[in-house]
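Spelled out from the first residue to the last, the chains are:
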Amino acid sequence: MEKFEDIYEKYFLDVYKYVLSLSRNNHIAEEITQETFFKALKNIDNFEGKCKISVWLCQIAKNTYYSTYRKENNRNNLRRNYVISIKS
């Protein structure tokens, strides 16, 4: 297995571009990519090698993006409902 630093350098841009294609936002893509590599580092021992490491990283990135997206949508809905209830 490659050193994690090498994996980071080799795949950072690919993961970033993938998340950017999902989010269409540079700031979000940067944050999700960083979070992806943090999660990958924590779970590198769980990588079984059944797929390419780039696929594994993009799967983490996708799950992280959609999880973050859902949380943000829930927060926005709560805020919107709160504002509506105040105005009523």
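Residues numbered from 1 in each chain as written. Predicted model: local features only at pLDDT ≥ 70, side-chain atom pairs only at ≥ 80, totals over all residues. Heavy atoms only, no water.

So, on to the pattern of salt bridges. Two side chains of opposite charge can pair, provided their charged atoms sit close to one another. Taken as a whole and judged by the stated rule, the model has two salt bridges. As a salt-bridge pair, K10 and E2 come within 4.0 Å of each other at their nearest N and O atoms. (Salt bridge = Lys/Arg side-chain N within 4 Å of Asp/Glu carboxyl O.)

Residues other than glycine seldom take positive phi values, yet R24 does so here, at roughly 55°. Within the secondary structure layout, R24 lies in the loop between helix 1 (4-23) and helix 2 (26-43). (Helix = DSSP H or I, 4+ residues; strand = E, 2+ residues; numbered from the N terminus.)

Further remarks concern the side chain of T33. Summarising the element assignment, T33 is placed in helix 2. In this structure T33 touches F12, V15, Y16 and V19, once residues within four positions along its chain are discounted. (Contact = heavy atoms within 4.5 Å.)

A few words now on the nonpolar core. Counting residues in each nonpolar core, the largest one holds 20 residues, and the members touching the most others are V15, F37, I53, W56 and L57. For this core, the secondary structure elements donating two or more residues are helix 1, helix 2 and helix 3 (53-87). Filtering out sequence-adjacent residues up to four positions away, V15 remains in contact with T33, T36, F37, L57, C58 and A61. (Core = buried A, V, L, I, M, F, W, Y, C linked by side-chain atoms within 4.5 Å. Buried < 20%, exposed > 50% of the residue type's maximum accessible area, 1.4 Å probe, protein only.)

On to helix 2, then. Taking 1.5 Å of rise per residue, 18 residues should cover 26 Å, and helix 2 covers 26 Å from first to last C-alpha, within 8% of that figure. A29, I32, T33, T36, F37 and A40 are the residues of helix 2 that are buried. In a view along the axis of helix 2, the buried residues occupy a sector of 140°, so they form one face of it. Relative to its buried face, helix 2 has exposed residues pointing more than 90 degrees away, namely H27 and K42. Its side-chain oxygen placed 2.9 Å from the backbone nitrogen of H27, N25 serves as the N-cap of helix 2. (Expected span 1.5 Å × (residues − 1). Arc of directions from axis to C-beta. Polar contact = N/O pair within 3.5 Å; in protein donor to acceptor, adjacent residues only side chain to side chain.)

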